[in-house]
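Listed below are the residues making up each chain.
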Amino acid sequence: ARGCCAAAYDAAVEVLRFQAPPQAAISVLSWNSQRLAASVQGSKEHWLCELLESARPAVAFVFEVDGALDDFKALRGRLCKIRYDLKWIVGENSFATGTQVNGVAVLVAREQAAVVACKRLAERCVGVVLQHKVDTQRRAYVGMHGIQAPKAFGVQLREAEDFLMKQGGGLLMGDLNHVPC
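Note that the structure is a prediction, hence the values are computed from the model and not measured.

Peer 1: Tell me about the nonpolar core, and name the residues and values.
Peer 2: In this structure, Leu52, Val62, Val65, Leu79 and Leu107 are the most contacted members of the largest nonpolar core, which totals 23 residues. When contributions to this core are tallied by element, the ones reaching two or more residues are strand S2 (25–37), helix H2 (43–55), strand S3 (59–66), helix H3 (69–80), strand S4 (84–89) and strand S7 (103–109). Of the residues forming this core, the biggest block, 6 residues, is contributed by H2. Ignoring sequence-local partners within four residues, the contact set of Leu52 consists of Pro57, Ala60, Leu79, Ile82, Tyr84 and Leu107. Core analysis: the second largest hydrophobic core is formed by 16 residues, Ile26, Val126, Val128 and Tyr141 among them.

Peer 1: So what about the pattern of salt bridges? Which residues, and what values?
Peer 2: Per the counting criterion, the structure on display carries 5 salt bridges. Among the salt bridges present, the one from Glu45 reaches Arg78, with a minimum N-O distance of 2.8 Å. Here the residue Glu45 occupies a position in helix H2, and Arg78 occupies one in helix H3, the gap between them amounting to 33 residues. Among the residues examined, Glu45 registers a relative accessible area of 1% and is labelled buried. Residue Arg78 is classed as buried on the basis of its relative accessible area of 15%. One salt bridge in this structure joins Asp85 and Arg110, with 2.8 Å as the shortest N-O distance. Pair noted here: Asp85 is in strand S4 and Arg110 is in the loop between S7 and strand S8 (113–122), with a separation of 25 residues, a long-range link.

Peer 1: So what's going on with the packing of aromatic side chains? Which residues, and what values?
Peer 2: Here the structure, examined in full by the defined rule, presents 2 aromatic pairs. Taking 5.0 Å as the distance between ring centres and 50° as the angle between the ring planes, the aromatic pair formed by Trp31 and Trp47 counts as tilted. Taken together, the residues span a long stretch of sequence, with Trp31 in strand S2 and Trp47 in helix H2 at a distance of 16 residues. Look at Trp47 and you get buried, because its relative accessible area is 2%. With 5.5 Å between their ring centres and 15° between their planes, Phe72 and Trp88 make a pair best called stacked. With a gap of 16 residues between them, Phe72 in helix H3 and Trp88 in strand S4 connect regions that are remote in the sequence. The class for Phe72 is buried, based on a relative accessible area of 0%.

Peer 1: Now, about the pairing of strand S9 (residues 125–132): what can you tell me, with residues and values included?
Peer 2: Two faces belong to every sheet, and in a regular strand the side chains alternate between them. With respect to burial, S9 is a largely interior element, 7 of its 8 residues being buried. Pairing analysis gives 8 bridges linking S8 to S9, with the strands arranged antiparallel. When the sheet's bridge partners are listed, Arg120 is paired in S9 with Val126. Both S9 and strand S10 (residues 138–145) contribute to a ladder of 7 bridges, which runs antiparallel. What sits directly across from Cys125, in S10, is Met144.

Peer 1: If you had to explain the environment of Ala105 to someone new, which residues and values would you point to?
Peer 2: In this fold, Ala105 is placed in strand S7. Relative accessible area serves as the criterion here: at 2%, Ala105 is assigned to the buried category. Once the C-alpha coordinates of Ala105 and Lys87 are considered, the two residues, 18 residues apart in sequence, prove to be 6.0 Å apart. Those residues in contact with Ala105 that lie beyond four places of it in its chain are Ala60, Phe61, Val62, Val65, Leu86, Lys87 and Trp88.

Peer 1: How would you sum up the pairing of S3? Please name residues and give values.
Peer 2: Extensive coverage of S3 is indicated by the burial of 8 of its 8 residues. The sheet contact formed by S2 and S3 spans 7 bridges and is parallel. Its bridge partner lying in S3, Ala37 is registered against Asp66. Sheet topology places S3 next to S7; 6 bridges connect them, and they run antiparallel. Of the residues in S7, the one forming a bridge with Val62 is Ala105.

What counts and what doesn't
All chains use their own residue numbering, which begins from 1 and follows the written sequence. The model is predicted, so local features are restricted to residues of pLDDT at least 70 and side-chain atom pairs to those at 80 or more, both for listing and for counting; the totals for chains, interfaces and linings are taken over all residues. Side-chain measures were taken over the full set of non-hydrogen atoms in the model, leaving aside hydrogen atoms and water. Working definition of a nonpolar core: buried Ala, Val, Leu, Ile, Met, Phe, Trp, Tyr and Cys residues. They are joined through side-chain atoms within 4.5 Å. To sort residues, take the accessible area from a 1.4 Å probe on protein chains only and compare it with the maximum for the residue type: under 20% means buried, over 50% means exposed, and anything in between is partly exposed. Helical segments are the DSSP runs of H or I of at least four residues, strand segments are the runs of E of at least two, and each set is numbered from the N terminus. Contacts were defined at the residue level, with two residues in contact if any of their heavy atoms lie within 4.5 Å. The term salt bridge refers to a pairing of a side-chain nitrogen on Lys or Arg with a carboxyl oxygen on Asp or Glu at a separation within 4 Å. Whether two aromatic rings pair depends on their centres lying within 6.5 Å, for rings of Phe, Tyr and Trp, where Trp uses its six-membered ring; planes under 30 degrees apart make the pair stacked, over 60 edge-to-face, and the rest tilted. Should DSSP find at least two bridges between two strands, the strands are taken to pair.

This is the structure:
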């Protein structure tokens, strides 16, 4: 049974599936968690783990993860139990709460892929190269939580594009916080 928060979170989750070789598919997930606390195993983390186990995406980007380095290490230990490796970039300091907010987590299903490279590209923007086990191909992904300020958003987009172009292409996904007109 899914938790009480499932309906609220469903609308904010995107699961994409695309074809690899014949009879194989790779799925990816993007979720703005709206302040998932890396330090505490709460209802949002429980819901996320249920989603990961049922949808089993090869890679998932989770945005707005709050916590410092030790908090992300603790989260990595908990996600290890469901066979996901965790890479992350810690977010910026919040003077209001005294914590680090807006971190980005990259979760990789061990049976589907291995992390070749993971790099902070800009604030709230991370690039990752995975070696997929279904076809041994390397694929590049960027997870981006868009910054409202146009100049900072432009930096994010340029860094994401540069990373993907250096890899020969890839997939950019996230909560961009901008609507093209």
